[in-house]
Amino acid sequence: MHSNQTRVTWESKPNSSPQLISSQSSSPPHSILTRHLHALTRHLTSSPLTLSAHLLLTHHVTIKQFHAHPNGSPSIASKICSQFDEIGSAVAMARRMEARGAKEFNWVMRRCLESGFCDSVFDVYKGMRMLYVGLDGYTLPLMNQAVMRAGGVGEGTMIHCVGIEMGFGSDVYFGNTLIEVYAGFGATRLAYKVFDEMPERDLVSWTSIIGGFVRVGDGLGAFGLLNEMRVMGLEPNAVTMIAVLQGCCCDWSVGEHGKVVHGYMVKKGFVNDQLVKNSLLKMYADVYEVEDVEALYAENESSDVVALNILLSCYNSQGDTEGVLERFSETQGEISPSKETLTLVASSLFKYSSTRQGQQLHCFAVKSGICDHVLSTSLSTMYAKCGDLGASVQLFEEIPHKSSVTWSSLMSAYVDHGHHEKAVELFNRIQLSTRFEAVVDILTTLIDTYADSGALRMGKVVHGYCIRNLASTNTESNSMLETSIINMYFKCGHVSSARHCFDVMIKKDIIAWTSMIEGFGTHGLGLEAICLFDQMLEEGIKPNGITFLSLLSACSHSGLAIEGLHFLYFMRPRFGIDPDVLHYTCMVDLLGRCGQLTQALALCFKMLACPDSRTWGSLLAASRTFDHRKIGEYAAKRLLELEPENVGYHVVLSNIQASAEHWADVEALRGVVASDMNVKKTPGWSCIEVDREIEGFVAGDRTHPRTDEVYRVLRFLTMQMHDTVLS
């Protein structure tokens with residue numbers, strides 16, 4: 001509000017009627033809606049109500065002038081206020097009503113709630129208390145609604161105390177809203193205390209407390225309350241059963257009873273309600289197999305777009321892209337898709353890699369007029385995942401209001417396609433084109449970009465930004481960002497910096513511990529990785545399969561065969577984790593690096609999981625290193641059986657045959673590669689940060705402007721290494 005605007009404030013004196021005063025100074029502590037009341041410049045609708053309304057419409061008189069008009073009765077004020085967008089106008093008019101009772105103030109409070117001005121409800125309530133207006137049975141429930149939207153448990157407790165003090169403790173309506181307040185903020189114990197102390201309870205009371213238990217994930221408690229309610233002779237309604245269905249989804253201990261609940265709902269006739277049908281379908285999608293979901297969906301003859309979205313989401317969670325596309329095609333013409341429907345279809349096309357179908361979906365969204373920024377972001381990501389980065393960028397530029405998710409998705413697309421420098425340029429553009437705020441997902445993507453490109457100095461700049469702007473917050477997203485910073489330092493070779501970042505982390509989750517173990521292993525610090533693993537166990541952090549994979553990899557890079565076998569064989573007895581093919585592959589690689597090829601081959605036959613190409617590839621690499629031709633040939637043949645189209649395996653086997661001087665076999669393999677395979681190997685590339693610029697290099701490429709200087713330094717380094725080996 002501008003400083004030169006007139007403010008409407010409350011002034012109350014003992015034994016005198018409160019009056020409106022005009023003030024140019026800051027509002028007093030007990031002013032009502034001073035920050036919401038603006039100059040009245042908006043017009044009423046064309047239909048005139050009274051002379052007062054006409055004055056407001058034509059001359060824009062002040063609120064004070066209107067209040068002074070003799071026709072300003074409560075009924076007329078209500079009609080006029082209902083056509084104002086400014087809540088302050090409604091409150092100010094209520095102030096001048098001749099019959100200033102709880103009913104009029106309740107009307108203003110309700111109007112504030114409907115318009116989203118929840119803070120104003122508290123201001124109106126303060127005015128009521130200052131004017132000694134008595135409360136009725138609707139005032140405090142309205143306050144509870146405001147607390148649910150813009151307050152907390154503390155405000156709810158204060159309303160609770162006021163209600164008891166003023167004699168509303170036994171009021172069912174007040175008790176029900178109070179239960180909803182406590183349950184809404186997760187204070188289930190307080191909600192149940194209110195519920196337990198209520199002398200009378202209706203169906204709303206039971207439904208509210210059941211929903212409160214469901215909200216905190218206590219499905220078992222919700223079922224217990226349902227049974228208790230039925231014992232008391234009160235049968236649930238559709239809203240109650242929807243809460244019970246949500247309890248089946250949030251608590252796996254009662255999820256198996258979902259079909260029992262379904263049977264009860266069929267018996268009582270609840271399944272005729274479309275909202276109940278959708279809730280039932282959602283429960284099946286979360287708890288049971290996709291076949292059960294499909295069968296239930298087929299039984300529903302009047303499925304709407306919500307049911308369709310639930311089914312498509314179920315397909316998506318199962319990775320069934322074809323199911324999503326087929327079901328979407330079948331329902332076209334029968335069900336009008338929503339934005340959520342098209343977003344689900346677009347996200348399913350990520351794995352399908354079908355640019356043509358993505359374009360068709362995009363055209364359909366544009367023609368339907370339902371292409372908002374969320375759907376556009378999903379389509380942009382879909383184009384990038386399908387390999388059409390140009391279309392992704394073009395669609396990104398067409399989005400008028402870009403959210404942090406939109407910016408982050410394009411940054412991720414640039415990183416996935418290897419355009420690290422464009423990701424950095426995009427981050428700079430974010431800061432220039434918008435009011436930049438510390439958005440964790442964007443910073444995480446940027447840190448990953450710098451880590452992949454080796455830009456340590458630029459990564460430190462972002463790290464400093466995070467310290468300055470995010471140090472005071474402690475969220476799960478920040479933990480992910482801190483873990484990305486640790487990985488960045490490891491990838492750039494700064495082990496000490498990574499360790500320092502880990503040590504100062506306030507909350508270390510399993511991902512952070514695993515990243516540290518993996519980083520130590522990558523740098524050949526196997527013993528340090530084992531010590532860190534022991535420290536993690538001492539602090540009560542339970543490892544997962546990825547943790548053991550990083551630990552075995554660390555043992556492999558450091559040649560710790562005995563320790564590696566120890567960790568492999570105590571995964572299941574101590575932690576209940578079954579080793580999979582990746583764990584065995586790490587162990588095969590470890591034994592192969594130590595020269596124990598026979599033991600590595602034996603492990604391939606003993607492992608519970610079936611060896612894949614990575615397992616045999618590790619054994620093949622070790623066979624070449626230690627010149628074990630027989631095991632190498634066997635591993636290469638198994639590789640060719642698994643992936644006959646892989647050219648690299650043919651080349652390795654050819655080199656093994658050449659080392660044994662089996663030239664006929666070498667020529668045969670090379671002939672197969674040359675004649676039967678369309679060989680086109682992707683060239684290797686690397687990059688380095690120089691003066692805050694990322695320079696990229698491709699194998700065999702001489703188009704770089706400083707090619708001569710680069711190759712001159714490369715020859716010098718090669719000579720240095722050669723001299724070092726000879727000495």
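Up top is the structure these notes are about.
Structural notes, computed from the coordinates. Note that the coordinates shown come from a computational prediction; the quantities given were computed from them, not determined experimentally. (Residues numbered from 1 in each chain as written. Predicted model: local features only at pLDDT ≥ 70, side-chain atom pairs only at ≥ 80, totals over all residues. Heavy atoms only, no water.)

The subject of this paragraph is the overall build of the protein. Across its full length, the protein holds 41 helices and four strands. Taking all 727 residues of the protein together, 46% fall into the buried category. Nonlocal contacts in the protein, meaning residues at least 24 apart in sequence, comprise 58% of its contacts between residues at least 6 apart. For the protein, the computed accessible surface area is about 38000 Å², with 53% contributed by carbon and sulfur atoms. (Helix = DSSP H or I, 4+ residues; strand = E, 2+ residues; numbered from the N terminus. Buried < 20%, exposed > 50% of the residue type's maximum accessible area, 1.4 Å probe, protein only. Contact = heavy atoms within 4.5 Å. Areas by Shrake-Rupley, 256 points an atom, 1.4 Å probe, with all protein chains shown as cover.)

This part takes up helix α18 (residues 305–317). One turn of an α-helix holds 3.6 residues; hence residues three or four places apart share an orientation. With 13 residues, α18 should reach 18 Å at 1.5 Å per residue; the first-to-last C-alpha distance of 18 Å fits that figure. Along α18, the residues classified as buried are A307, L308, N309, I310, L311, L312, C314 and Y315. Remark: G319 follows α18 within two positions and exhibits a positive phi of approximately 75 degrees. (Expected span 1.5 Å × (residues − 1).)

A few words on the packing of aromatic side chains. According to the stated counting rule, one finds 17 aromatic pairs in the structure shown. Judged by centre distance (6.2 Å) and plane angle (85 degrees), the rings of F328 and F364 are edge-to-face. Taken together, the residues F328 in helix α19 (residues 321–331) and F364 in helix α21 (residues 355–368) connect sequence positions 36 residues apart. Owing to a relative accessible area of 7%, F328 belongs among the buried residues under this scheme. Overall, F364 belongs to the partly exposed group, its relative accessible area being 27%. With centroids separated by 6.0 Å and ring planes inclined at 90 degrees, the aromatic side chains of F548 and F570 adopt a geometry described as edge-to-face. Pair noted here: F548 is in helix α32 (residues 545–558) and F570 is in the loop between α33 (561–569) and α34 (571–575), with a separation of 22 residues, a long-range link. Here F548 and F570 have matching classes, each one buried. (Phe/Tyr/Trp six-rings, centres within 6.5 Å; stacked < 30°, edge-to-face > 60°.)

Once that is clear, we can look at the environment of P543. Looking at where P543 falls in the secondary structure, it is placed in the loop between α31 (526–538) and α32. Here P543 falls in the buried class, since its relative accessible area comes to 3%. When sequence neighbours within four positions are dropped, the list of residues in contact with P543 reads I510, F533, M536, L537, F548, F575 and I577.

Side chains that differ in charge, positive against negative, can pair when their charged atoms come close. Tallying each qualifying case throughout the model produces 14 salt bridges. With a shortest N-O distance of 3.7 Å, E235 and R230 are connected by a salt bridge. The exposure class assigned to E235 is partly exposed, which follows from its relative accessible area of 37%. For R230, a relative accessible area of 37% gives the class partly exposed. The residue R614 makes a salt bridge to D612 at a minimum N-O spacing of 2.6 Å. (Salt bridge = Lys/Arg side-chain N within 4 Å of Asp/Glu carboxyl O.)

With that settled, consider unusual backbone geometry. Positive phi, close to 60 degrees, is recorded for Y132, a residue that is not glycine. By the element assignment, Y132 lies in the loop between α6 (118–130) and α7 (139–150).

Here we take up the packing of helix α10 (residues 188–197) against helix α11 (residues 203–215). At a minimum axis distance of 10 Å, the contact between α10 and α11 shows a crossing angle of 160 degrees. Judged on the interaxial angle alone, α11 and α10 are roughly antiparallel. For the pair α10 and α11, the sense of crossing is left-handed. In contact with T188, A191, Y192 and F195 of α10, α11 contributes S205, W206, I209, G212 and F213. (Axes fitted to C-alpha atoms, helices over the stretch in contact; angles between N-to-C directions. Parallel < 35°, antiparallel > 145°, perpendicular 65-115°, else oblique. Left-handed = near helix turned anticlockwise from the far one by under 90°.)

The next thing to look at is a nonpolar patch on the surface. On the surface, V713, F716 and L717 cluster together into a nonpolar patch covering about 280 Å² of accessible area. Looking at where V713 falls in the secondary structure, it is placed in helix α41 (residues 707–726). (Patch = residues over 30% accessible without salt bridge, like charges linked within 9 Å, V, L, I, M, F, W, Y side chains within 5 Å.)

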